[in-house]
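Understanding the architecture of this molecule
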Amino acid sequence: VRASFHFTTPDKMRQFAVAASAYFDDLRWGRRVGPGITPPETLIYPSELRYKEWYNTHNRYTYNLKTEFVQVINKRLVAALSPELVIQRGLLATPFHRVYFTNDSVRVENFPNKKTRIPLGARVRYFAGAKTIVKANYNFYSDNFGITAHTVDLEVAVKVSAQVTLSPFVRGYTQTASKYFKPYGQHDPSARYYSSDYDHSAFQAVKAGFGFRWAPFNYISKQGIF
């Protein structure tokens, strides 16, 4: 389910957009498509932990509200801000993830059934000249599971010719660990919530690269061939 609204001021200098969406997920497996279609049947647990049902729900509900503000500052510079709010309810753990404890016991990953996420994005586009565009992005993320993350992207697109564009870029990312994360075998057996999924661990990453775009039809169309 999704609804959105978009507004641009008469002078074309500002834009505002808001979008609301809702997702209703059933995490059970077993659905068969074709003749004799069957509904989903069960959650999939690790083979040695299938002796009982670990959760009392199989549904996940996600509600998202995203807004965006775009401002044309001058003929070379455009900036945008994108605050967002995501609320999740229901089964938020991954049923087939094992967690090992200090006493050598094994359980299925467990999280609270409520989660609030706050992403915030900011971007700037600067037209440095007829052949160069500088693109800068910053993204912030925080949730009530204890994860805080920052992402910075910088890209410079240089138009070498009508057909060729070169785009060197660099991206940096840092994330704190969830308060429910511990590595293999380090969880206390008395803990109520626990995960050893490294998606919830602390980590940092830096990525650099080089983009190449070749658009020969730009030249052909300008010559009037098409």
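Attention in this report is confined to the structure presented alongside it. (Residues numbered from 1 in each chain as written. Predicted model: local features only at pLDDT ≥ 70, side-chain atom pairs only at ≥ 80, totals over all residues. Heavy atoms only, no water.)

Here we take up the overall build of the protein chain. Across its full length, the protein chain carries 1 helix and 11 strands. The linear arrangement of helices and strands in the protein chain, starting from the amino end, is β-β-β-β-β-β-β-β-β-β-β-α. Rg of the C-alpha trace for the protein chain: 24 Å, well past the compact-globule value of 17 Å for 226 residues, more than 25% over. In terms of overall dimensions, the protein chain has C-alpha extents of about 70 × 45 × 35 Å along its principal axes. Residue burial in the protein chain is summarised as follows: out of 226 residues, 27% are buried. Sequence separation of 24 or more characterises 57% of the internal contacts of the protein chain that already satisfy a separation of 6 or more. For the protein chain, the exposed surface amounts to about 14400 Å²; the carbon and sulfur share of it is 59%. For the protein chain, the separation between the mean place of its 30 positive charges and that of its 16 negative charges on side chains is 10 Å. (Helix = DSSP H or I, 4+ residues; strand = E, 2+ residues; numbered from the N terminus. Rg over C-alpha atoms; globule rule 2.2 N^0.38 Å. Buried < 20%, exposed > 50% of the residue type's maximum accessible area, 1.4 Å probe, protein only. Contact = heavy atoms within 4.5 Å. Areas by Shrake-Rupley, 256 points an atom, 1.4 Å probe, with all protein chains shown as cover. Lys, Arg positive; Asp, Glu negative; His and termini not counted. Charge placed at Lys NZ, Arg CZ, Asp CG, Glu CD.)

Attention now goes to the pairing of strand S2 (residues 14–26). Judged from the 7 bridges that link them, strand S1 (residues 2–8) and S2 form a sheet pairing that is antiparallel. Paired with phenylalanine 7 across the strands is phenylalanine 16, a residue of S2. Here S1 hands over to S2 after 5 residues, with lysine 12 in that stretch at a positive phi of 65 degrees. Sheet topology note: the S2/strand S3 (residues 59–72) ladder contains 13 bridges and is antiparallel. Bridge pairing in S3 places alanine 19 opposite lysine 66. (Pairing = 2+ DSSP bridges.)

Moving on: the pairing of strand S7 (residues 114–129). The pairing of strand S4 (residues 77–90) with S7 spans 11 bridges and is classified as antiparallel. Note on S7: the bridge partner recorded for alanine 79 is valine 124. Sheet topology places S7 next to strand S8 (residues 132–143); 12 bridges connect them, and they run antiparallel. Paired with arginine 123 across the bridge in S8 is asparagine 137.

A word on the sheet that holds S1. Pairing within the open sheet is antiparallel, and its 9 strands lie in the order S1-S2-S3-S4-S7-S8-S9-S10-S11. The open sheet terminates on both sides in strands that have one partner only, identified here as S1 and strand S11 (203–214). Recorded for the sheet is a direction-independent mean angle of 10 degrees between the axes of neighbouring strands. The pairing of strand S10 (residues 164–175) with S11 spans 12 bridges and is classified as antiparallel. (Axes fitted to C-alpha atoms, helices over the stretch in contact; angles between N-to-C directions.)

Turning our attention to the side chain of threonine 151. Of note, threonine 151 is situated in strand S9 (residues 148–159). Residue class for threonine 151 comes out buried when judged on its relative accessible area of 8%.

For glutamate 41, the location among the structural elements is in the loop between S2 and S3. On the accessibility criterion, glutamate 41 (56% relative accessible area) is exposed. A sequence separation of 13 residues divides glutamate 41 from arginine 28, and the C-alpha atoms of the two residues are 5.9 Å apart. Setting aside chain neighbours within four positions, we find glutamate 41 in contact with Arg28, Trp29 and Gly30.

Moving on, we get to unusual backbone geometry. Look at lysine 12: it is not a glycine, yet its phi comes out positive at around 65 degrees. One can find lysine 12 in the loop between S1 and S2. Here aspartate 104, not a glycine, exhibits a phi torsion of approximately 70 degrees, which is positive. You can call aspartate 104 exposed: its relative accessible area is 68%.

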